[in-house]
Amino acid sequence: MTTLAAAPAAARAWRTLRTSRTAVLGLAVVAVHVVIALLAPLLSSYDPIANDPAQALLGPSPEHWAGTDQYGRDVLARVLYGGRYALGVSLAATVLTVALGTVVGCAAALRGGLFDDVLGRVLDAVLSVPSVLALLVVVTALGTGPAVIVLAVAVVYVPQVVRVVRGAALAVVPADYVTAARARGEGTWSILRRELLPNITDVVYVEFAMRASWVVLLISSLSFLGFGADPPTPDWGLMVAENRTAITVVPMASLAPIIALATLVVGLNLAADGLSKAWGVDRIREGS
């Protein structure tokens, strides 16, 4: 095993955070979003889904800091609670996507041969379809709901993760400790878990952070198009879609969720860039 593989992942991550201001800044922004989402009931006393026609289309005021939307719902409350949906569904989708992509990518690098060739052709076919179009096909066929969205995102992004992880794993497969493990008769799963994964964790972490930002955007785009969260669920993409016709009357109803989404994506990208530079992970070289 290499020194990188032997070092505890938590210790490496801590050393990275101490040397990468970009990663610290990005993770801090994400942490703020997580805290705000968790404390949403304490930060706003308004019900994010309760309609109040008498309060519709109000501008910012001491009672409604970001105004109200066309249904009289407090915009700030919906933004705060919308973070819960965005973070929860995006986290589940990213975890599933990266986990599946990592296992398949490592298996392809270890097995090689016909399995790797056939998998490569299948990935090429899936990647030739635009992400939003593939997502819409899955959602149209299976319906809406958080579980379906998570599955749809996995279908769209797993092939990309497979390529990145496979590229990183191919550099480790020829190592002596992998050859020794094969000589001992260890199976593919054992080698993958004990020899391969510990040596590509940096790539997987960076891929997770970068993929999360794309997942957040994709899920919000799906909601904006009407195939994601169902009304009156507080969701940033859905909020923009619902209030775009009244943007000249109550601009904050559209701008507030856009700002929340933008800051979360920027934070995730900063974290990914900082980690990749600190760990020396070249995402282009790895096949991103």
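Here's a quick rundown of the structure.

What counts as what
Residues numbered from 1 in each chain as written. Predicted model: local features only at pLDDT ≥ 70, side-chain atom pairs only at ≥ 80, totals over all residues. Heavy atoms only, no water. Core = buried A, V, L, I, M, F, W, Y, C linked by side-chain atoms within 4.5 Å. Buried < 20%, exposed > 50% of the residue type's maximum accessible area, 1.4 Å probe, protein only. Helix = DSSP H or I, 4+ residues; strand = E, 2+ residues; numbered from the N terminus. Contact = heavy atoms within 4.5 Å. Salt bridge = Lys/Arg side-chain N within 4 Å of Asp/Glu carboxyl O. Arc of directions from axis to C-beta.

Here we look at the nonpolar core
Of all hydrophobic cores here, the largest spans 21 residues; its most connected members are C106, L110, V172, V178, L196 and I200. Secondary-structure elements contributing two or more residues to this core are α5 (75-111), α8 (146-170), α9 (176-183), α10 (188-196) and α11 (201-224). By residue number, the principal contributor to this core is α8, which donates five residues. Apart from residues no more than four positions distant in its own chain, L110 is found in contact with V173, V178, R182, T188, I191, L192 and L196. In terms of nonpolar packing, the next biggest core, distinct from the first, is built from 20 residues, A86, A253, A256 and V265 among them.

Comments concerning the pattern of salt bridges
On inspection of all chains with the given rule, the structure shows 10 salt bridges. Here E242 and R73 are joined by a salt bridge, their closest N and O atoms 3.0 Å apart. Here R73 lies in the loop between α4 (40-43) and α5 and E242 lies in helix α12 (residues 236-243), a separation of 169 residues in the sequence. Here E242 and R73 have matching classes, each one buried. Note that E242 and R78 form a salt bridge whose closest N and O atoms lie 3.6 Å from each other. Of this pair, E242 sits in helix α12 while R78 is found in helix α5, placing the two residues 164 residues apart along the sequence. In this structure E242 comes out as buried when scored by relative accessible area, which is 13%.

Topic: the environment of T19
For T19, the location among the structural elements is in helix α2 (residues 9-19). Residue classification places T19 among the exposed positions, given a relative accessible area of 63%.

Brief notes about α9
Those residues of α9 that fall on the buried side of the exposure criterion are Y177, V178 and A181. One face of α9 carries all of its buried residues, which in axial projection span an arc of 105 degrees. Turned more than 90 degrees from where α9 packs its buried face, D176 and A183 sit exposed. Residues of α9 that are buried sit in contact with α5 and α10. Among the residues trailing α9, G185 stands out with phi positive, at a value near 85 degrees.

Examining the environment of P41
Here P41 is to be found in helix α4. By relative accessible area, which is 42% here, P41 ends up partly exposed. Considering only alpha carbons, one finds P41 and Y81, 40 residues apart in sequence, at a separation of 8.1 Å. Setting aside residues up to four positions removed in sequence, P41 forms contacts with Y81 and R84.

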